[in-house]
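A closer look at the structure
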Amino acid sequence: MKVFEIGQLSEKIPHAIVTSGTFDGVHIGHKKILSGIVNQAKEHNGKSVVLTFWPHPRLILNPKDSQLKLLSTFSERVQLIEEANIDYLIKIPFTKEFAQLTSEQFVNQILIDKLGTKKFVIGYDHHFGKDRGGSLAFLKANEQRFGFEVQEIPRQDIDHVGVSSTKVRKALIEGQVHLANEYLGHFYSLFGKVVPGDKLGSKIGFPTANISIAEEYKLIPRDGVYAVLISIEDKVYNGMSNIGIRPTVDGVNRKIEVNIFDFAREIYGKQISIKFIKRIRDEIKFDGLESLQKQLSKDRKESIKILSDK
């Protein structure tokens, strides 16, 4: 897959079959759209093109809104879209200036002049341009003038899948990571750097790696203990993760910790990926470290069982 910013395109894309959107999380509904344009591009000897916006428009238009949490960083989005066998991913840097483009300007400057669009595939409720003025009806009414075909993704197709990024976020916030994974069609993941901790886990036989997530907008699942897969330098390990404040040791700040099974390497400063497979339990306060240690042994056994089933 070729990845460009819109300003880097020096020529139009041959027989471009285009769709656009934020594609946060690239869930199974998104994947259905992506597979559709890939198939159409193959049929017409053309190229499948995804037009996406970054940063997320709400991060620019409502910068003080800390409530918005995203399912994917841009690099994660690139990887997931590439897995769908898309030919071109075109990033439009979203700015307040870009948000002022009318629907007419968006079509002429982006879809026609830059991409040379032959077919534009959008959902029945898709809107674009300043104040969301562009719509399917607008495109259909001007199809001949614009010189490209407009294809609607019918409401029944989207509703049949029944998935939205909002539903995925809700499942993760509620701790239903298994449900979020079903919606996504892949395991939800966090990517971050291993940073020093207080080494308390090592003292009770469960050494943990503390993970720092650089992106403040990235959604962290509900506090609790999870069975996880951990990727370090292209190798995958089984493990369990605790998200929360660690009340047994009077923790205050929310932390993400992972205990990597059968692993004893020094990995401070390393970048690792955590895939959340299933939530095991709530984070709870124990009456001491011995009780905590006994529960962690049970959590480890439960995690091993869950991960062996996968």
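Residues numbered from 1 in each chain as written. Predicted model: local features only at pLDDT ≥ 70, side-chain atom pairs only at ≥ 80, totals over all residues. Heavy atoms only, no water.

Time to look at the overall build of the protein. Scanning the protein from terminus to terminus reveals 11 helices and 12 strands. Reported as C-alpha extents along the three principal axes, the dimensions of the protein are approximately 75 × 40 × 35 Å. Out of the 310 residues belonging to the protein, those deemed buried represent 49%. Carbon and sulfur atoms form 49% of the exposed surface of the protein, whose accessible area is close to 15,900 Å². Once the 45 positive and 38 negative side-chain charges of the protein are each reduced to a mean point, those two points are 1 Å apart. (Helix = DSSP H or I, 4+ residues; strand = E, 2+ residues; numbered from the N terminus. Buried < 20%, exposed > 50% of the residue type's maximum accessible area, 1.4 Å probe, protein only. Areas by Shrake-Rupley, 256 points an atom, 1.4 Å probe, with all protein chains shown as cover. Lys, Arg positive; Asp, Glu negative; His and termini not counted. Charge placed at Lys NZ, Arg CZ, Asp CG, Glu CD.)

Turning our attention to the packing of helix α8 (residues 165–173) against helix α9 (residues 177–184). Axis separation between α8 and α9 bottoms out at 7 Å; the angle between their running directions is 160 degrees. It follows from the interaxial angle that α8 and α9 lie roughly antiparallel. For the pair α8 and α9, the crossing hand works out as left-handed. On α9, the residues that touch K167, V168, A171 and L172 of α8 are V177, L179, A180, Y183 and L184. (Axes fitted to C-alpha atoms, helices over the stretch in contact; angles between N-to-C directions. Parallel < 35°, antiparallel > 145°, perpendicular 65-115°, else oblique. Left-handed = near helix turned anticlockwise from the far one by under 90°. Contact = heavy atoms within 4.5 Å.)

On to the sheet that holds strand β4 (residues 88–93). The parallel open sheet is built from six strands, whose spatial order is β1-β4-β3-β2-β5-β6. Lying at the two open borders of the sheet, with one neighbouring strand each, are β1 (2–5) and β6 (149–153). Taking the axes of each pair of neighbouring strands and ignoring which way they run, one obtains an average angle of 25 degrees across the sheet. Along the sheet, helix α1 (residues 28–43) contacts β2 (16–21), β3 (47–54), β5 (117–123) and β6; its crossing angle with β3, the most-contacted strand, is approximately 145 degrees. Packed on one face of the sheet, helix α4 (residues 103–114) meets β2, β3, β4 and β5 and runs near 125 degrees to β3. (Pairing = 2+ DSSP bridges.)

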